[in-house]
Amino acid sequence: MASERPPVSHHHPQGNGSAMQRPLRVLSGIQPTAGSFHLGNYLGAVRQWVALQETHDAFYTVVDLHAITLPQDPAELRSNTRLAAAQLLAAGLDPERCTLFVQSHVPEHAQLAWIMNCLTGFGEASRMTQFKDKSSRQGADRASVGLFTYPILQVADILLYQANEVPVGEDQRQHIELTRDLAERFNGRFGQTFTVPAPHILKETAKIYDLQDPSIKMSKSASTPKGLINLLDEPRATAKKVKSAVTDTGTEIRYDAENKPGISNLLSIYSTLTGAGVAELEQKYAGKGYGALKTDLAEVMIDFVTPFRERTQQYLDDPETLDSILAKGAEKARAVAAETLSQAYEKVGFLPAKH
């Protein structure tokens, strides 16, 4: 998965229709990208993960296997993996309520991916549009086989947990179709083993745009430094970015994405962080200038990022505790993944290992 791709979430019931209704299981993955989460990542995905752990059997993973489809410095990858986990915990994931683990700590992901690679046609893999986009950027000769086959690793990520619904952004629909095709192919050839998942396309809850160019989504790859809110930046620097955000001609504070994209983006951020409705905010700032809105939003941002930074730092300062949370998470994830893999190995005809 590339660093800017939205995290993938996978849902499925824990049991097969037992008398008691068990909670649905979710599994989502996020890239160990360099540095801080930005406001777009947080509001677009991570905040929903925090809510889902209350209602679902939730599994969350830092996808370091996907990260190495592009060249990585080993020491940086290790540090970014811990940093991503620390930020997820700081954002409100609770190891007592969810399972948080690192993808490479659960070898079943790679093992099932190999079986799925052997069921995937070369032409089928070639049609994946995200590979075309990424390889065209760096030239097909320099693109790795891993970049070519990562959608098949993603298939394994989903099928290992018997997902029956996969909430994803529109750009991932094609990968879910591949997952369905491969699940059906395996089941058809070897007997019922995998749940065939259905895509559940997420309508993005809060689309957050660049503060300096509200025509583009806030993202590490596209945004300018002044347009990007990194959650780990110094709070005062974040407040300054909010205050110097691009606005529009006129003085009226109202939500109008087409004619007033700058103000609409600020209202969106304000509403999502505080829970106040956009109409309520329009009323609150009726007759006040843009400056009043920006000053108040800057304070809201400071109140949000300050504890987030402190909690992240606490986890980074105590790597033993962080590593032990991840080790426990991997153990819980493997209990589920190993059962699925063992069924797949048996169906394929691998000789069972005697212990």
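Small disclaimer: the values here were computed from a predicted structure and weren't measured.

Reading the values: the criteria
- Residues numbered from 1 in each chain as written.
- Predicted model: local features only at pLDDT ≥ 70, side-chain atom pairs only at ≥ 80, totals over all residues.
- Heavy atoms only, no water.
- Phe/Tyr/Trp six-rings, centres within 6.5 Å; stacked < 30°, edge-to-face > 60°.
- Helix = DSSP H or I, 4+ residues; strand = E, 2+ residues; numbered from the N terminus.
- Buried < 20%, exposed > 50% of the residue type's maximum accessible area, 1.4 Å probe, protein only.
- Expected span 1.5 Å × (residues − 1).
- Bend = angle between axes of the 7 residues up to and from the residue.
- UniProt positions renumbered as here; feature names shortened; annotations may be inferred.
- Polar contact = N/O pair within 3.5 Å; in protein donor to acceptor, adjacent residues only side chain to side chain.

## As for the packing of aromatic side chains
Phase 1: Taken as a whole and judged by the stated rule, the model has 10 aromatic pairs.
Phase 2: Taking the centre distance of 4.6 Å and the plane angle of 0° together, the rings of Trp 49 and Tyr 60 count as stacked. One end of the pair, Trp 49, is in helix α1 (residues 39–55); the other, Tyr 60, is in strand β3 (residues 57–62), and 11 residues separate them in sequence.
Phase 3: Taking the relative accessible area as the measure of exposure, Tyr 60 reaches 0% and is therefore buried.
Phase 4: Between Phe 101 and Tyr 161, the aromatic rings sit 6.4 Å apart at their centres with planes inclined by 40°, giving tilted as the arrangement. Residue Phe 101 is located in strand β4 (residues 98–102), and its partner Tyr 161 is located in the loop between α7 (145–159) and β5 (165–168); the two are separated by 60 residues in the primary sequence. With respect to burial, Phe 101 and Tyr 161 carry one shared label: buried.
Phase 5: Each residue in the set Tyr 42, Phe 304 and Phe 308 is aromatic and connected to the rest through ring pairs, giving one cluster.

## Structural notes on α1
Since the α-helix packs 3.6 residues into each turn, any two residues three or four apart lie on the same face.
Phase 1: The terminal C-alpha atoms of α1, which comprises 17 residues, lie 24 Å apart, in line with the 24 Å expected from a rise of 1.5 Å per residue.
Phase 2: Its axis deflected by about 35° at Ala 45, α1 carries its strongest bend there.
Phase 3: Within α1, burial applies to Leu 39, Gly 40, Tyr 42, Leu 43, Ala 45, Val 46, Trp 49, Val 50, Leu 52 and Gln 53.

## Looking at the UniProt feature "binding site: L-tryptophan" (unreviewed entry) in the protein
Phase 1: Within the UniProt annotation, "binding site: L-tryptophan" (unreviewed entry) is assigned to Asp 157.
Phase 2: Turning to its location among the elements, Asp 157 is positioned in helix α7.
Phase 3: Engagement of the side chain of Asp 157 in a polar contact is seen with the side chain of His 66, the distance being 2.8 Å.

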